[in-house]
2 protein chains.
Amino acid sequence: MSIEADLGDADLGAGRTDGRVPVMADVARLAGVSQKTVSRVINEAPHVRDVVRDRVLAAVAELGYRPNAAARALVTQQSRVLGVAMPGSTDYGPSAQVFGIETAAWDLGYSVVVASAPASAEGFARAVARLVAQGVAGLVLNDPYVHHGLSTRALQTLPTVNVGEALCPGTVCAAVTVDQEGGARQAVEHLLSLGHRTVHHLAGPVDQGAAVRRAEGWREALVRAGACVTAPLVGDWSARSGYEQGRRLAGDPDVTAVFAANDQMAVGAMRAFIEAGRDVPADVSVVGFDDAPDSAYQVIPLTTVRQDVAAVSRRAVTALVAAIEGQPWPAASPTSPAFDAHPLGGQHAGSADAFRFPVGLVIRASTGPPGRRPGGPSP
Amino acid sequence: MSIEADLGDADLGAGRTDGRVPVMADVARLAGVSQKTVSRVINEAPHVRDVVRDRVLAAVAELGYRPNAAARALVTQQSRVLGVAMPGSTDYGPSAQVFGIETAAWDLGYSVVVASAPASAEGFARAVARLVAQGVAGLVLNDPYVHHGLSTRALQTLPTVNVGEALCPGTVCAAVTVDQEGGARQAVEHLLSLGHRTVHHLAGPVDQGAAVRRAEGWREALVRAGACVTAPLVGDWSARSGYEQGRRLAGDPDVTAVFAANDQMAVGAMRAFIEAGRDVPADVSVVGFDDAPDSAYQVIPLTTVRQDVAAVSRRAVTALVAAIEGQPWPAASPTSPAFDAHPLGGQHAGSADAFRFPVGLVIRASTGPPGRRPGGPSP
DNA sequence: GGGCCGGTTGACTACGTTGTCAACGCGCGA
DNA sequence: TCGCGCGTTGACAACGTAGTCAACCGGCCC
């Protein structure tokens, strides 16, 4: 393979740079042009004759020249680096987002620096400060962070996009998200259509937009159907929290259907029901949210709401890069070109410049009609 | 909260820099010293009187000055950025590693840029090339990449550390890993001690070090115990592959115990057994590897081998940073100070400079004695 | 009292790139 | 034929920081 050759060239330099890593001046000397012309060729600027261009490119190849990112960033005031602030979690959602952002960014010629910190106000402050200090050209914020003191003034000088729901209405930065309410509604309607009297909810952290929206969708669907709305139990996205809250639900014989705010909590809840001697789905139906890759192959394959995290991440990065390279980020207005592609907004007011991706219910083995009568296992 | 104040100061600058982001010269002017002295204060260099230092620090605070990373990188030829090359996967292992590396790096004042690419030779080449172009100070490689054309010469100019097992003996870069064989042995011995005649293996990709070492440990433990060694089935770490291979195992009534190379495949295998009407653990016992956070709360809580990914990542980053800041990376020798701390090596020759972390078996509900007689469910 | 020495400070420069602007050469129209 | 304009090229400065080295200052010893 070419690795050895590639890196070998890049490292050692086949040309006359006596051990030093080659710079533009070396290329220029070898090609017999000025350093500025090399710069033009490298940046594909106009006004370079083909003959000259070829000579320069040959010299670049011979020396294994690579542009110095630091020098370029210094002079252009542009780092071509995106900062991602995320709560450091190995949950499927966040990590899928990070990888999605990373892939999309590379495709657009940007690299990605990740700053993980607990989703507290201090954690957010430190993460953003690190990213700013590092000189990122734009910021991708994760939902859980957004409510923590993010203000209009604070970030308006730096292009910023939020992946997920913004809780505070004052937030001006653009948001890319999925139709959380719609997904929750689909889950609830599915369960009600199976014959369940109502659906209990295992919610995510109350200060996170995605969790709030899913809870809203759940409540709304119940109200619309005239079903009784019970108080949601709150978890922290982890399977452990799903298990713990699931044990509380398992103690209530009236519970026949549960909608968990993500797949991991749904799995934990299923475990709690099984442990309590209540079968899934015969006694209790469970629905998750995310459709993590594992969910189809759980011991009880999970009915869940599928969202395309990769597509969401891609859109977020695309919008962010457009903002970076286009207008100097005038606090993204609804008329900003970057946000005109799919303005499906209007789901909730005050966030007109949101992308909203559709979601879809995937029905598997964890849901079914309420077979045994509520009140305990049949004799 | 202080976010607004922090970022507000940083962005707008409370001083006399008329909109521009403040630079050292601005601080120097305000403090009445030279730019060089500001540099000394910022870098905590010696030979600065306390009075002067305080004056400079006050000016820094007033202007909200932040060092320009690009300029610093340009002049020091040092980016304080670590590059992480990873296969873009949302599996627990890789994503936990990325977060662990990121956290450890920040603690040491380094930021982390991630390059994800498929674990092929081309993917590896592109990922490393991107990272090098970005100007990283050091490289963290993930196991699956290492066998792809990594050569002594190729990376010897850039400090590099491998997290995981290096397959090719020619690889000189330092490696930090866990005791894969030992973990596999513990899993097998646990199953044999329960009374199983032998243990089948659901392995990871054959070209990945961790998968190979786990398979080696499994085979070794069986041989030592005089049990028969069956051909391992090969998956790709995903629950899906665990399910698919699990179906093949479920068809064989002699199978009473399975050791999967990671938790996700173990879960998929459990699903396959349940689907085939074989109970876990009554008919078949299953052991995983990783102890992912969810594994304790699976519908059938998983017996698995716990490894401390965060600690491994931390060690890798510590070693890498030591190499970056210490000697100019003479292709890490066993006597290199960076690798003297815990040389538990010697597990396999040719890699004397490896850190090897211990692992531990966590026994849960997915394993038990072979209850029903092999040959099918009892009537 | 003069010289020396070490701690402190600043002027100058390099780092590798891009932006600005002037200069050059060629073809074309007057 | 001359002048003009455009496409092409290069000299020079600038970006913000750290390294080098000289200058300065005070106290100390001879």
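The rules we used
- Residues numbered from 1 in each chain as written.
- Chains lettered and ligands numbered in written order.
- Predicted model: local features only at pLDDT ≥ 70, side-chain atom pairs only at ≥ 80, totals over all residues.
- Helix = DSSP H or I, 4+ residues; strand = E, 2+ residues; numbered from the N terminus.
- Buried ≥ 20, exposed ≤ 12 C-beta atoms within 10 Å, placed from the backbone.
- Near = placed C-beta within 6 Å.
- Pairing = 2+ DSSP bridges.
- Right-handed = clockwise from strand over helix to strand, strands pointing away.
- Axes fitted to C-alpha atoms, helices over the stretch in contact; angles between N-to-C directions.
- Parallel < 35°, antiparallel > 145°, perpendicular 65-115°, else oblique.
- Contact = placed C-beta atoms within 7 Å.
- Nonpolar A, V, L, I, M, F, W, Y, C, P; charged D, E, K, R; others polar.
- Core = buried A, V, L, I, M, F, W, Y, C linked by C-beta atoms within 7 Å.
- pLDDT = per-residue confidence, 0-100.
- Left-handed = near helix turned anticlockwise from the far one by under 90°.
- Arc of directions from axis to C-beta.

Trainee: I would appreciate a short explanation of the overall build of chain A in the present structure.
Mentor: Assigned secondary structure in chain A consists of 13 helices and 12 strands. Relative to its 379 residues, chain A shows a buried fraction of 55%.

Trainee: Sorry if this is basic, but what is going on with the protein's contact with DNA strand C here?
Mentor: The environment of DNA strand C is formed by 25 residues, the closest being Met24(A), Ser39(A), Asn68(A), Ala71(A) and Ser34(B). Every element with two or more residues in the surface near DNA strand C is listed here: helix H3 (35–42) and helix H5 (69–76) of chain A together with helix H3 (35–42) and helix H5 (69–76) of chain B. At 5 residues, H5(A) tops the list of elements feeding residues into the surface near DNA strand C.

Trainee: Help me understand the pairing of strand E6 (residues 200–203) of chain A in this model?
Mentor: It is a general feature of regular strands that their side chains alternate between the two faces of the sheet. Residue and element names in this part refer to chain A. Burial of the side chains of E6 extends over both faces: His200 and Leu202 are buried on one face and His201 and Ala203 on the other. Relative to strand E8 (residues 257–260), E6 is paired through 3 bridges, and the arrangement is parallel. Across the sheet, the residue bridging to His201 is Phe259, located in E8. Two strands pair when backbone bridges link them, and E6 and strand E7 (residues 233–234) are joined in this way by 2 bridges, in the parallel orientation. Paired with Ala203 across the strands is Val234, a residue of E7. With helix H10 (residues 209–225) bridging E6 and the parallel E7, this β-α-β connection has right-handed handedness.

Trainee: What am I meant to see in the protein's contact with DNA strand D here?
Mentor: Neighbouring DNA strand D are 25 residues; Ser34(A), Thr37(A), Met24(B), Ser39(B) and Asn68(B) lie closest to it. If you list the elements that add at least two residues to the surface near DNA strand D, you get H3 and H5 of chain A together with H3 and H5 of chain B.

Trainee: Got a minute to help me understand the packing of H3(A) against helix H4 (residues 50–63) of chain A in this structure?
Mentor: Helix-helix packing is described using two parameters, namely the angle between the two axes and the distance between the axes. Residue and element names in this part refer to chain A. One way to put it is that H3 packs onto H4 with a least axis distance of 10 Å and a crossing angle of 90°. Judged by the angle between their axes, H3 and H4 are roughly perpendicular. From H3, Thr37, Val38 and Val41 reach across to H4, where they touch Val52, Arg53, Val56 and Leu57. Its residues assigned to classes, the contact of H3 with H4 comprises 5 nonpolar, 1 polar and 1 charged.

Trainee: What is the right way to look at the sheet that holds strand E9 (residues 285–290) of chain A in this model?
Mentor: Residue and element names in this part refer to chain A. Read from one edge of the open sheet, 6 strands run E7-E6-E8-E9-E10-E12, paired in mixed fashion. Only two strands of the sheet have a single partner each, and these edge strands are E7 and strand E12 (360–362). When strand E10 (residues 303–306) meets E12, the two strands line up antiparallel, connected through 3 bridges. Considered in E12, the bridge of Arg306 is made with Gly360.

Trainee: Hey, could you run me through the nonpolar core in this one?
Mentor: Nonpolar side chains tend to gather and get buried jointly when the protein is soluble and globular. Val84(A), Val258(A), Ala260(A), Ala269(A), Val258(B), Ala260(B) and Ala269(B) are the most contacted members of the largest nonpolar core, which totals 186 residues. Setting aside residues up to four positions removed in sequence, Ala269(A) forms contacts with Leu202(A), Gly242(A), Tyr243(A), Gln245(A), Gly246(A), Leu249(A), Val258(A), Ala260(A) and Val286(A).

Trainee: Sorry, what's going on with the sheet that holds strand E10 (residues 303–306) of chain B here?
Mentor: Note on sheets: strands pair through backbone hydrogen bonds, and any given pair is parallel or antiparallel. As summarised here, the arrangement of the 6 strands in space is E7-E6-E8-E9-E10-E12 (chain B), forming an open sheet in which the pairing is mixed. The open sheet has two edge strands, strand E7 (233–234) and strand E12 (360–362) of chain B, and neither has a second partner.

Trainee: Sorry, what's going on with the confidence of the model for chain A here?
Mentor: Interpreting fine coordinate detail is not advised for predicted regions of low pLDDT. Residue and element names in this part refer to chain A. On average, residues of chain A score 83 in pLDDT, and 80% of them reach the 70 mark or higher. Considering only residues more than four positions removed or in separate chains, one finds that residues 1–14, a stretch of pLDDT under 50, has 33 contacts. A low-confidence stretch, residues 328–353 stays under pLDDT 50, and its non-local contacts, those more than four residues away or across chains, total 38 contacts.

Trainee: Looking at this structure, how should I read the environment of Val132(B)?
Mentor: Mapped onto the secondary structure, Val132(B) falls in helix H7 (residues 121–134). For Val132(B) and Ala225(B), which are 93 residues apart along the polypeptide, the C-alpha to C-alpha distance reads 48 Å.

Trainee: So what exactly am I meant to see when it comes to the environment of Pro281(A) here?
Mentor: Residues and elements named next belong to chain A. Tracing the chain through its elements places Pro281 in the loop between helix H12 (263–275) and E9. Sequence separation between Pro281 and Ser366 is 85 residues, and the spatial gap between their C-alpha atoms is 5.1 Å. Excluding residues that lie within four positions of it along the chain, Pro281 makes contacts with Ala365, Ser366, Thr367 and Gly368.

Trainee: Any chance you could explain the packing of helix H6 (residues 92–107) of chain B against helix H13 (residues 309–325) of chain B here in plain terms?
Mentor: All names here are of chain B. The interhelical angle for the contact between H6 and H13, taken along N-to-C directions, is 50°, at an axis separation of 8 Å. When the axis of H6 is compared with that of H13, the two are oblique. Note that H6 runs across H13; the crossing there is right-handed. Contact residues: H6 offers Ala96, Gln97, Gly100, Ile101, Ala104 and Ala105, while H13 offers Val309, Ala310, Ser313, Arg314, Ala316, Val317 and Thr318. Of the residues contributing to the contact of H6 with H13, the split by class is 8 nonpolar, 4 polar and 1 charged.

Trainee: Sorry if this is basic, but what is going on with the pairing of strand E5 (residues 174–178) of chain A here?
Mentor: Residue and element names in this part refer to chain A. Counting buried residues along E5, 5 of its 5 residues qualify, which places the element largely inside the surrounding structure. Side-chain alternation along E5 places Ala174, Val176 and Val178 on one buried face and Ala175 and Thr177 on a second face that is also buried. Relative to E5, strand E4 (residues 160–163) runs parallel, the two being bridged by 3 bridges. Its bridge partner being in E5, Asn162 is matched across the sheet by Ala175.

Trainee: Mind showing me how you'd approach helix H2 (residues 24–31) of chain A here?
Mentor: Since the α-helix turns once every 3.6 residues, residues separated by three or four places project in the same direction. Residues and elements named next belong to chain A. Looking only at H2, the buried set comprises Met24, Asp26, Val27, Leu30 and Ala31. Along the long axis of H2, the arc covered by the buried residues comes to 160°, so they all point the same way. Check the buried side of H2 and you find it contacts H3 and H4. With its phi angle positive at about 70°, Gly32 sits one or two positions after the end of H2.

Trainee: It is not clear to me how unusual backbone geometry should be interpreted in this structure. Could you clarify?
Mentor: Generally, phi is negative for residues other than glycine and the peptide bonds are trans, each holding for most cases. With omega at 10°, the peptide bond leading from Val280(A) into Pro281(A) counts as cis. Its identity as a non-glycine residue notwithstanding, His47(A) has a phi of 70°, on the positive side. Within the secondary structure, His47(A) is located in the loop between H3 and H4. The residue Trp237(B) is not glycine, and still its phi comes out positive at about 80°. Residue placement: Trp237(B) occurs in the loop between E7 and helix H11 (239–250).

Trainee: Sorry, what's going on with the environment of Asp207(B) here?
Mentor: Looking at the element boundaries, Asp207(B) is found in the loop between strand E6 (200–203) and helix H10 (209–225). Once the C-alpha coordinates of Asp207(B) and Met86(B) are considered, the two residues, 121 residues apart in sequence, prove to be 15 Å apart.

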